[in-house]
Amino acid sequence: MSVSPDRRTVLRGAALAGIACFGAAACAAGEQGAAKRPSSDAPVELGPAADVPVGGAKLYAAQRLLVSQPAKGEFKCFSAVCTHMGGTLNKIEKGQAVCPLHGSHFEVATGKVAQGPASTPLEEVPVKVEGGKLVAG
């Protein structure tokens, strides 16, 4: 003879399952949000300033940074993390950095969105030249 649970036991189980799913989703969202920012705000040396072409840009994948040189000697640095879903920008095409996840494009000179689905510009990061090398952060 089998014993079936009463109505209260079934409802409690359903409520706990719902709470567990909500908690798991919140944790996953928190992890994704953490991936959006570089792991450290400490200054980081990127390499020779001469590696960034005038009127162009260079991606620094390991540091998740994008550096452009809109005019000779003027450098701009942005987070290379897409503001849509946190993907890392992986290529530069026609003056725009591209996210491989959903196709967002960002202007390398300004960090502004050129094509969605992203709607927020890239986060600007301070950059300077010290001894001919770029230092970001």
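See the structure shown above.
Residues numbered from 1 in each chain as written. Predicted model: local features only at pLDDT ≥ 70, side-chain atom pairs only at ≥ 80, totals over all residues. Heavy atoms only, no water.

1. Description of the sheet that holds strand 4 (residues 74–79)
Spatially, four strands are ordered 2-3-4-9 in an open sheet, and the strand pairing comes out antiparallel. A single partner strand is all that each edge strand has here, and the edge strands are strand 2 (57–60) and strand 9 (124–125). In terms of strand pairing, strand 3 (residues 65–71) meets strand 4 through five bridges, oriented antiparallel. Residue pairing in the sheet places Leu 66 in a bridge with Phe 78 of strand 4. (Pairing = 2+ DSSP bridges. Helix = DSSP H or I, 4+ residues; strand = E, 2+ residues; numbered from the N terminus.)

2. So, the sheet that holds strand 8 (residues 113–115)
Strands in a sheet are paired, the pairing made by backbone hydrogen bonds, and the direction either parallel or antiparallel. An order of 5-6-7-8 is seen for the four strands of this open sheet, with the pairing classed as antiparallel. Single-partner strands in this sheet number two, and they are strand 5 (91–93) and strand 8. Neighbouring strand axes in the sheet, compared pairwise and without regard to direction, differ in orientation by 35 degrees on average. Pairing analysis gives two bridges linking strand 7 (residues 105–107) to strand 8, with the strands arranged antiparallel. Paired with His 105 across the strands is Gln 115, a residue of strand 8. (Axes fitted to C-alpha atoms, helices over the stretch in contact; angles between N-to-C directions.)

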